[in-house]
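# Understanding the architecture of this molecule
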Amino acid sequence: MILAFIAFVWIFPFFWMILGSLKTQREIMAIPPTLWPKHATLSNFMKWFTQLDFGNYFINSMVVAIIVMLGNMVFCSMVGYALAKIDFAGKNVLFGMVMVTLMVPGVATFVPLFVEITNLHLLNSYASLILPFLAQPIGVFLMRQFMAGIPDALLEAGRIDGAGELRIFFQIVLPECKPPLATLAVLTFLSSWNNFLWPLVAAQSNKMYTLPVALSLYSTGQNATDYSVLLAGAVLVITPILLLFIFLQKYFIQGVAMTGIK
Amino acid sequence: MGVLRRRRTAIAWGFALPFVIVFAAFMLIPLLSSLAMSFTDITVQDVRTPFNVNFIGLQNYVKLFQDPRYTKSLVTTGIFVVIGLPLTMIIALAFAVSLNKGLQHVNTFFRALFYAPVVASTVAVSVVWRYILQKDGLLNTVLAVFGIQGPNWLHDTHTALFALMVMTIWRNMGTLMIIFLAGLQSIPEDVMEAAAIDGASEWRKFRSITLPLMKPTLLLGMVLQSVTYLQFFEESFVMTQGGPLDSTLSASYYIYEKFGFGQYGVSSAASYVLFFIIAVVSVLQFRLMRTKD
């Protein structure tokens, strides 16, 4: 019972957000605040779809998140395979480097990254939003750990049948790797969708803003107290990922349990 | 090196190549050039000619520590970690322990519910919390029912940081809860049963069995969460813009601000100080983990 009450309080901010997003501009300023909207309206959402270019930000966020997700799945599983199953010169150096950079925070690299991207003439493009996140050490760690557990005998059988490394990778190893791949997909999609500092710096025009950037820029300055529209924006940013979470809960939670990183 | 091994090495690097190229270009090079830039006078004017800058030794670092706003931002970040981290851990452990027993389905449901804030965008939840915490907002309305006159949380220098902390705990608790749940589930049943047969109380079992066995998990959670908290930024960006009177100016916010002012050298130096602090804190915590085992 106590737990149910706490749980209710815990997710109340989400309810409050949805309720607020349905209120009129007048009602949202009411003191004391009302619980249920008296005249529920979708006009705040309409404002995002008509004046505020929601579709554009949504597409930007989606494109970036999907490419980042796919890129990491491909790149990280390939290195993961090499590190887990092939004995080669330079292996320890490579793995060591990946492990060390696991700890590097985003703020440690964003200034030179900005200089670099500017000089590659990529600023304010999809490339600038995607490239820095395509190869994440956490993915390598995840894939390597899982692949190390695949029995060598399985690979040897393939080799005896005359399969090359590429075939072994694609036809034997990858099909075994669905669980970590799903976890990696969810983790990278989530972090890309919610990513903020870098897109804030790299996306320099309305055309390239992702959803969180658009919401944050709208929420500071003269619109800072335009709460009904702001809350509608928050609903629009949070809803896709919450839906994904409801359906793929297992993989979100596995991701944390396996890597300890959200 | 034998022919076979040379062949294997070639194949392995072939597999690693796509990753290595992107990783080197957008992780290793920026990481090293950040260090290099911190010793130069690079500003926004040099963005197109990054090699055309002067080496100025430790001047950026000296300048940093002479800026009272910077030292204040470090203290603010420190307070955030020293108070916020233990609170998050205690709450997460309490939730984990209460969700570890009981019905499987119910627990899965609650687990998902408490984890939900973790997946939501910080920017979006910051908007919601700003609305909750405003002068005539939900929180103060609820407090008024109990006859308490709440302050204007985000505009009061005494409460702004604390208010951000409450939101951050709400937002991050789920991650630790999941890690702790995984740790709790690895505690062998029979140890608990043996203690129960010996007549140990719930509290006694928790203190003498659960806590000691959970030590590695607790420390892992502590390391991960302190790394997150040392970098807090989005919350202050959306909710307070570092204010009022710099009371929520975090180390990350300072870095972003210096970057915004075009002082890339100073900003890089500040990044490296923070990076160094994060590394030291992590290593210390891992040391602690090893010696205590």
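A quick note: this is a predicted structure, and the numbers were derived from the prediction, not measured.

To continue, consider the overall build of chain A. Summing up its helical and strand segments, chain A has 14 helices and zero strands in all. Taken from the N to the C terminus, the helices and strands of chain A come in the order α-α-α-α-α-α-α-α-α-α-α-α-α-α. Based on the C-alpha atoms only, the size of chain A along its principal axes is roughly 75 × 55 × 30 Å. A total of 262 residues make up chain A; the buried ones form 56% of that total. Across chain A, contacts joining residues at least 24 apart in sequence account for 71% of those joining residues at least 6 apart.

On to the environment of A:R26. Residue and element names in this part refer to chain A. Among the secondary structure elements, R26 is positioned in helix α2 (residues 25-28). Accessibility expressed as a relative area gives 77% for R26, which makes it exposed. Spatially, the C-alpha atoms of R26 and S228 are 9.1 Å apart, while their sequence positions differ by 202 residues.

How big an interface is tends to be reported as the loss of accessible area on association of its parts. The partner chain A presents 89 residues to the 89 residues of chain B that form the contact. Buried surface at the junction of chain B and chain A, summed over both partners, amounts to about 7900 Å²; 78% is from carbon and sulfur atoms. In this structure, the salt-bridge partner of B:R5 is A:D87, at a minimum N-O distance of 3.2 Å. Taken together, the links from chain B to chain A amount to 15 residue pairs in polar contact (both at pLDDT 80 or more). The leading source of residues in the side of chain B that touches chain A is helix α1 (residues 3-37) of chain B, at 24 residues. Partitioning the side of chain B that touches chain A into residue classes produces 61 nonpolar, 20 polar and eight charged.

What follows is about α1(B). Over its 35 residues, α1(B) extends only 43 Å from the first C-alpha to the last, a length that falls short of the 51 Å expected when each residue adds 1.5 Å. Taken as a whole, α1(B) carries its principal kink of about 50° at B:A16; the proline B:P18 stands between one and four residues after it.

Moving on, we get to the state of the cysteines. Residues and elements named next belong to chain A. Under the defined criterion, the tally for this structure stands at zero disulfides over all chains. Here C177 stays unpaired: no disulfide links it, and the sulfur of C76, its closest cysteine neighbor, is 12 Å away. For C177, a relative accessible area of 0% translates into the label buried.

On to the confidence of the model for chain A, then. Interpretation of the predicted coordinates at a detailed level should be avoided for regions scoring low in pLDDT. Looking at chain A, pLDDT values average 89 and 98% of them are 70 or higher. The least confident element of chain A is α2(A), whose mean pLDDT is 81; the most confident is helix α4 (residues 54-85) of chain A, at 96.

With an omega dihedral of -10°, the bond running from B:G243 to B:P244 counts as a cis peptide bond. Here B:P244 lies in the loop between α10 (234-239) and α11 (251-260). One non-glycine residue, A:D53, adopts positive backbone phi at about 65°. With respect to the helices and strands, A:D53 occurs in the loop between α3 (43-50) and α4. A residue is classified by how much of its surface remains accessible, and A:D53, at 33% relative accessible area, is partly exposed. In this structure, B:L245 is a non-glycine residue whose phi angle is positive, near 50°.

This part covers the nonpolar core. A general feature of soluble globular proteins is that nonpolar side chains tend to end up buried together. One finds A:W48, B:F114, B:M177 and B:F180 to be the most contacted residues of the largest nonpolar core, which totals 184 residues. Here A:W48 is in contact with A:D53, A:F54, A:Y57, A:L215, A:Y218, A:V229, A:A232, A:G233 and A:L236, once residues within four sequence places are set aside.

Here we take up the pattern of salt bridges. What the rule picks out here adds up to nine salt bridges over all chains. Of the charged contacts, one joins B:K205 and B:E202 as a salt bridge, the two residues approaching to 3.3 Å between their closest N and O atoms. You can see B:K205 and its partner B:E202 sitting in helix α9 (residues 202-230), three residues apart, about one turn around the helix. Three or more residues are tied together by salt bridges with common partners; here these are A:E156, A:R159 and A:E165.

Here the focus is helix α2 (residues 59-66) of chain B. Of all the positions in α2(B), only B:N60, B:Y61 and B:L64 are classed as buried. Each buried residue of α2(B) lies within a common arc of 100° when the element is viewed along its axis, so the set occupies one face.

Time to look at the side chain of B:E235. Residue and element names in this part refer to chain B. Looking at the secondary structure, you find E235 in helix α10. Nearest to the buried, unbridged E235 among oppositely charged side chains is R171, at 5.4 Å. Discounting residues that sit within four places of it in the chain, E235 has contacts with T122, S126, L164, M167, T168 and T240.

Reading the values: the criteria
- Residues numbered from 1 in each chain as written.
- Chains lettered and ligands numbered in written order.
- Predicted model: local features only at pLDDT ≥ 70, side-chain atom pairs only at ≥ 80, totals over all residues.
- Heavy atoms only, no water.
- Helix = DSSP H or I, 4+ residues; strand = E, 2+ residues; numbered from the N terminus.
- Buried < 20%, exposed > 50% of the residue type's maximum accessible area, 1.4 Å probe, protein only.
- Contact = heavy atoms within 4.5 Å.
- Buried area = accessible area lost by both parts, 1.4 Å probe.
- Salt bridge = Lys/Arg side-chain N within 4 Å of Asp/Glu carboxyl O.
- Polar contact = N/O pair within 3.5 Å; in protein donor to acceptor, adjacent residues only side chain to side chain.
- Nonpolar A, V, L, I, M, F, W, Y, C, P; charged D, E, K, R; others polar.
- Expected span 1.5 Å × (residues − 1).
- Bend = angle between axes of the 7 residues up to and from the residue.
- Disulfide = S-S within 2.5 Å.
- pLDDT = per-residue confidence, 0-100.
- Core = buried A, V, L, I, M, F, W, Y, C linked by side-chain atoms within 4.5 Å.
- Arc of directions from axis to C-beta.
- Lys, Arg positive; Asp, Glu negative; His and termini not counted.

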